[in-house]
Amino acid sequence: MKIEQTYKLGLREIGMKNKLTNYGILAFLEDIATYHSGLVGYGVNDVEKNKGAFLILDWYLEVKKRLCFNDTIKVKSYALPVDKPSFNCYRNFEIYDENDELIAKATSKWLFYNFEQRKIVKLDLQTLKLFNPEGNLQEAEEKVAKLKEPTSFKEMIEYEVRRSDIDVNNHVNNLVYLKIANEILPDYVYFADEPNNLRITYKHQIRLGEIVKIYYTIEENKHIVTIKSQDESKLHAIVELW
């Protein structure tokens with residue numbers, strides 16, 4: 001079952017060129033996914049009851065057209081079907097303009113994390129069917145297939161996590177990783193038009209006060225940012241832009 005929300009682009013969703021940013025798009029997608037979870041009893045207000053919450057593992061985003069300030073968009077989202085209990089679940093998104101033209105689409109992969117037990121929980125079919133899933137699971141799995149960590153890098157900087165980076169789950173919000181990645185992008189990339197394709201994979205959460213190392217390289221015309229712990233023992237995330 002597809003759910004639908006309408007949004008108007010504000011200052012927070014546009015960039016220096018008055019165009020909808022990748023960060024802004026992901027914020028809308030995060031919002032509608034959270035809204036859908038709330039409708040079936042797994043939203044932000046249900047965390048205490050469920051002893052956990054859905055956390056994102058992967059984003060895939062493809063942008064076809066970028067709108068401007070005060071434009072209206074329509075976001076549709078739906079969960080994808082699985083045929084057996086699973087640790088992972090998938091969700092697709094479609095974004096349309098006022099003329100019902102498709103301007104972006106995305107795929108995401110999620111897991112359910114039990115905060116009391118501090119472990120990932122396998123979801124049963126009964127829980128997954130609450131979302132009335134539809135669509136092609138194989139296609140979604142391919143879009144968020146495992147990313148390979150680069151073996152060499154062109155540049156590295158360090159970043160100390162701030163209070164403003166932390167969300168309701170007491171770790172760095174998934175959208176903030178994109179802002180962190182922007183800190184190391186070359187000027188010719190950061191100040192140009194936003195890349196229309198994006199992949200993010202999350203491996204280990206980052207907590208308040210931690211210092212992380214951000215690495216940049218370019219491979220096959222993809223700008224790749226790797227975020228690791230200060231001692232390099234943990235891979236936190238990989239961000240690809242092209």
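Residues numbered from 1 in each chain as written. Predicted model: local features only at pLDDT ≥ 70, side-chain atom pairs only at ≥ 80, totals over all residues. Heavy atoms only, no water.

Q: I would appreciate a short explanation of the side chain of Asn197 in the present structure.
A: Mapping Asn197 onto the fold places it in strand 8 (residues 197-202). On the basis of relative accessibility, which here comes to 18%, the residue Asn197 falls in the buried class. Residue contacts for Asn197: discarding those within four places in its chain leaves Tyr60, Leu61, Glu62, Glu240, Leu241 and Trp242. (Helix = DSSP H or I, 4+ residues; strand = E, 2+ residues; numbered from the N terminus. Buried < 20%, exposed > 50% of the residue type's maximum accessible area, 1.4 Å probe, protein only. Contact = heavy atoms within 4.5 Å.)

Q: Sorry, what's going on with the nonpolar core here?
A: Core analysis: the largest hydrophobic core is formed by 54 residues, its most contacted members being Leu26, Leu29, Trp59, Ile73, Val225 and Ile227. If you tally residues by element for this core, the top one is helix 1 (residues 22-39), at six residues. By size, the runner-up hydrophobic cluster in this structure holds seven residues, among which are Tyr60, Leu80, Leu137 and Ala140. (Core = buried A, V, L, I, M, F, W, Y, C linked by side-chain atoms within 4.5 Å.)

Q: Sorry if this is basic, but what is going on with the pairing of strand 4 (residues 88-96) here?
A: Residues in a regular strand point their side chains to alternate faces of the sheet. Most of strand 4 sits inside the fold, with eight of its nine residues counted as buried. Note: strand 3 (residues 72-79) against strand 4, six bridges, orientation antiparallel. Bridge pairing in strand 4 links Lys74 to Tyr96. Strand direction decides the pairing type here: strand 4 and strand 5 (residues 102-114), joined by nine bridges, are antiparallel. Paired with Asn92 across the strands is Thr107, a residue of strand 5. In sequence, strand 4 turns back onto strand 5 through a hairpin of five residues, with Asp100 there showing a positive phi of about 65 degrees. (Pairing = 2+ DSSP bridges.)

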